[in-house]
Structures are given as structure tokens and as C-alpha cells.
Amino acid sequence: MTAVVSTSCPDLKLIARGKVRDLYEVDEHSLLFVATDRISAFDVIMQNGITNKGKLLTEISVFWFSYLKDVLPNHLITADFEKMPAKVQQYRSQLEGRSMLVKKLRVLPIESIVRGYITGSAWSEYKKKGTVCDIALPAGMQESEAFPEPLWTPSTKAEIGDHDENIHPSKAAGIIGEKHASEMAKISVELYTKARNYAQEHGIIIADTKFEFGVDENDNLYLIDEVLTPDSSRFWPAATYKVGAGQDSFDKQYLRNYLESIGFDKSQGITLPEDIVTKTMAKYQEAYRLLTGKDAQL
């Protein structure tokens, strides 16, 4: 079985190809989100994919959309391929298991990041300035320590090949308006908190995550895109968590660590060795098993 790194569906209108997802218009009210097996790191897409990763990401997102729907409505119409329109089903070999039919909404151009623990770029900034996204924090924090309260640290949404830019929360209103910025800040923390508490009980620490939101014609907010996957979050094994050091992970931090170990120059993707592909997928599968209590149907 080979990785699906690109899809071709001539009877559907291609809207965009992201780092992982191909986005098609189905009709005037709905879109098709297709999770390919592409994988990116440092905002660069690798030359080969992780076989079945897109199917696993789709199953994880569907799980969380269901679990979090009482916090905020989401854009998912169905992920059941048999319930999708005929013009989608004709591409079954490419799309089955990795597609979500979703409501067409106006996407808000902010990456809504919630950080529960100090790690990654947040830790780097804190060591230099005592801040995260220019938010002042208590002195003496250690790497991987939990923040007193989850931090909302939005970023701008970059085009492929560019880097998202972290911004102070106060700047979000200038991009999406005060109403949506305040709603997004509040609901993002609520979503993260509910998911964090669930995951903790199932052996996973969600160190941080990224949400995306859209609005309908009545300006109502919806959770969209993917949600709480290993691509959009840092997942740590709770059993080995220890403050004061970097953590093992279930997410693509494993891939980032490999790339840094070989001096990856972050300018263009490379072909990943088979053992890195296999181990990366194994970590994603273990995260799914812990979260849902079952093995992914790939």
C-alpha cells in the first residue's frame, strides 16, 4: 500500500491544497476536507508521505468533534463515505476513510493556539525574555511545566512555505474584530480544557494545540478543520512526564527531532527513511488507541 500524497478529483472543484489537506467544493453549501498522507515539519512538506496517516487524522478529528460538540458546534456534516454525494463516492479509492463532508463557512484568518505547558518556541522565548508571545509569566518556570492557567496565544495564518507568526492576544481583534477575538479566546480555552482533562485520564498530556474557526452567514462561530490531532497538537505520554526536560511524544515532534539530528536546513522537504516513516505512524496509532480505547480501522 502506498501513501496518498495528492488527490485528483476532476468532477469536484479544487479550492486549495494545504500542508496536509486537499480541499474541494462539493456544492454551494458544502466542502470536502481530504486528509492526505503528506507530512510537514518546520512548515516544509516532506517528499514522501506516511501511509494511512490521513485516515488516522480523520478518525481522531471525528472523535474529538463528537466529544466537544456541546462546547461549540463544528462544521462536520458526515465522515461516513456511504452518506456522501455520488460525485464524491466515484473517487472512493482515493477518498474513502480520509474525507469529511463539511459546512461551507467563512474561515477566520487566525490560528488559535492554546498552550497548557511551556515547551517548544514558548520555552525558547521564555528563557530569553520571561514571556510567551510577549505575555509576562512567573519567574523560575522549568521546561515542560504546566502554566498556572492555559494560555491563548494566537498566530497569523501563513501561506504554504511561509511561517505562521505568533502575535500578542491583543492584536487578534485588529485582524478578526473584537467580537470574534474575545469569543475565540474564551472558547479555545474551554475546548482545550475539556480535551486536556479527558486525555489526561487516558494517559496523554496535551501540551498545546491549534484550533481553527469559521463563521456562518449569521456570524455564529464554528470549530473547523482538524481538531486535536498529532499534527495540530503536542501529545506527551503521561506515564513518563517529568518537569524540567523535554518529553517523549506521540506527535510529529519525533520527526522534528530526527530532522534536527541530521542538520535539516528547513528550505525544502526530503525523502524520509522507511524506519522514520514507520515509527512516526506507530506513535500516531498509539495516541489514537489511548484516546479512543480501540485500534484505528485503516
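That block above? That's the structure.
Think of each chain on its own: its residues are numbered from 1, step by step along the sequence as written. A pLDDT threshold of at least 70 governs which residues receive local features in this predicted model, and a stricter bar of 80 or more applies before side-chain atom pairs are shown or counted, although totals over entire chains, interfaces and linings include all residues. Remark: hydrogens and water are excluded; side-chain values derive from all non-hydrogen atoms of the structure.

> So what exactly am I meant to see when it comes to the sheet that holds strand E1 (residues 13-17) here?
Think of a sheet as strands paired side by side through backbone hydrogen bonds, with each pair either parallel or antiparallel. Taken in spatial order, the 5 strands line up as E1-E2-E3-E7-E6 in an open sheet, and their pairing is antiparallel. Pairing within the sheet leaves two strands with one partner each, and these edge strands are E1 and strand E6 (76-78). Across the sheet, the mean angle from the axis of one strand to that of its neighbour is 35°, orientation sign disregarded. The criterion for strand pairing is that DSSP finds at least two bridges linking the strands in question. Starting at the N terminus, helices and strands are each numbered in turn, a helix being any DSSP run of H or I of at least four residues and a strand any DSSP run of E of at least two. Across 4 bridges, E1 lies against strand E2 (residues 21-25) in antiparallel orientation. In the sheet register, Ala16 faces E2, and the bridge partner there is Leu23. Contacts are assigned to residue pairs with any non-hydrogen atoms lying within 4.5 Å of each other. The angle between two axes is taken between their N-to-C directions and runs from 0 to 180 degrees, where each axis is a line fitted to C-alpha atoms and a helix contributes only its stretch in contact. Its contacts with the sheet put helix H1 (residues 53-68) on E2, strand E3 (30-35), E6 and strand E7 (99-103), and the angle it makes with E7 is roughly 40°.

> For this particular structure, what's the right way to read H1?
Two residues of an α-helix separated by three or four positions point the same way, owing to the 3.6 residues in each turn. The first and last C-alpha atoms of H1 sit 22 Å apart over 16 residues, in line with the 22 Å expected at 1.5 Å per residue. Judged by how many residues are buried, H1 sits mostly within the fold: 12 of 16 residues are covered. Expected helix span is taken as 1.5 Å per residue step, with the number of steps being one fewer than the number of residues. Classification of residues uses two cut-offs on accessible area relative to the type maximum, computed with a 1.4 Å probe and protein chains only: under 20% is buried, over 50% is exposed, and between them is partly exposed.

> Quick question: what am I supposed to make of the packing of H1 against helix H6 (residues 178-201) here?
Between two packed helices, what matters for the description is the angle formed by their axes and the separation of those axes. Two elements in contact, H1 and H6, have axes separated by 11 Å at closest approach and are oriented at 110°. As the angle between them shows, H1 and H6 are arranged roughly perpendicular. For the element pair H1 and H6, the recorded crossing hand is right-handed. Contacts between H1 and H6 involve Phe63, Trp64, Tyr67 and Leu68 from the former and Leu191, Lys194, Ala195 and Tyr198 from the latter. Grouping the amino acids of the contact of H1 with H6 by side-chain chemistry returns 7 nonpolar, no polar and 1 charged. An angle below 35 degrees is read as roughly parallel, one above 145 as roughly antiparallel, one from 65 to 115 as roughly perpendicular, and any other as oblique. Crossing handedness: left-handed means the near helix sits turned counterclockwise from the far one by under a right angle, and right-handed means the same turn made clockwise. Classes in brief: Ala, Val, Leu, Ile, Met, Phe, Trp, Tyr, Cys and Pro nonpolar; Asp, Glu, Lys and Arg charged; the others, Gly included, polar.

> What am I meant to see in the side chain of Thr209 here?
Along the chain, Thr209 falls in strand E14 (residues 204-215). We define a polar contact as two N or O atoms separated by no more than 3.5 Å, with the added condition that, inside protein, one atom must be a possible hydrogen donor and the other a possible acceptor, whereas residues neighbouring each other in sequence contribute only through side-chain atom pairs. Within the structure, Thr209 has its side chain in polar contact with the backbone oxygen of Ser232 (distance 3.3 Å). At a separation of 2.7 Å, a polar atom in the side chain of Thr209 contacts the side chain of Ser233.

> Just checking my understanding: could you explain the environment of Ala296 for this structure?
Tracing the backbone shows Ala296 in the segment after helix H8 (274-292). Apart from residues lying up to four places away in sequence, Ala296 is in contact with Leu56, Glu59 and Tyr288.

> Where do I start with the environment of Tyr67 in this structure?
Within the fold, Tyr67 resides in helix H1. For the pair formed by Tyr67 and Lys194, sequence separation is 127 residues and the distance between their alpha carbons is 9.0 Å. For Tyr67, the contacting residues outside a window of four places in its chain are Lys194 and Tyr198.

> Looking at this structure, how should I read the packing of aromatic side chains?
Each aromatic ring pair is characterised by the separation of its centres together with the angle its planes make. Pairing of aromatic rings covers Phe, Tyr and Trp, the last counted by its six-membered ring, and requires centre-to-centre distances within 6.5 Å; plane angles under 30 degrees mean stacked, over 60 mean edge-to-face, and any other angle means tilted. A complete count under the given rule lists 12 aromatic pairs for this structure. Consider the rings of Trp64 and Tyr67, whose centres lie 5.9 Å apart with planes at 75°: the pair is edge-to-face. Here Trp64 and its partner Tyr67 are both found in helix H1, 3 residues apart, which amounts to about one turn of the helix. Classification of Trp64 as buried rests on a relative accessible area of 0%. Taken together, a centroid distance of 6.0 Å and an interplanar angle of 20° make the contact between Trp123 and Tyr126 stacked. Linking Trp123 with Tyr126, this pair stays in helix H4 (residues 120-129), spanning 3 residues, or about one helical turn. One exposure class covers both Trp123 and Tyr126, and it is buried. Clustering of aromatic rings is evident, with ring pairs tying together Phe63, Trp64, Tyr67 and Tyr198. Lying across the ring of Phe42, Lys266 places its NZ or CZ 4.3 Å from the centre. A ring is scored as having a charge over it whenever the NZ atom of a lysine or the CZ atom of an arginine sits within 6 Å of its centre and within 35 degrees of its normal.

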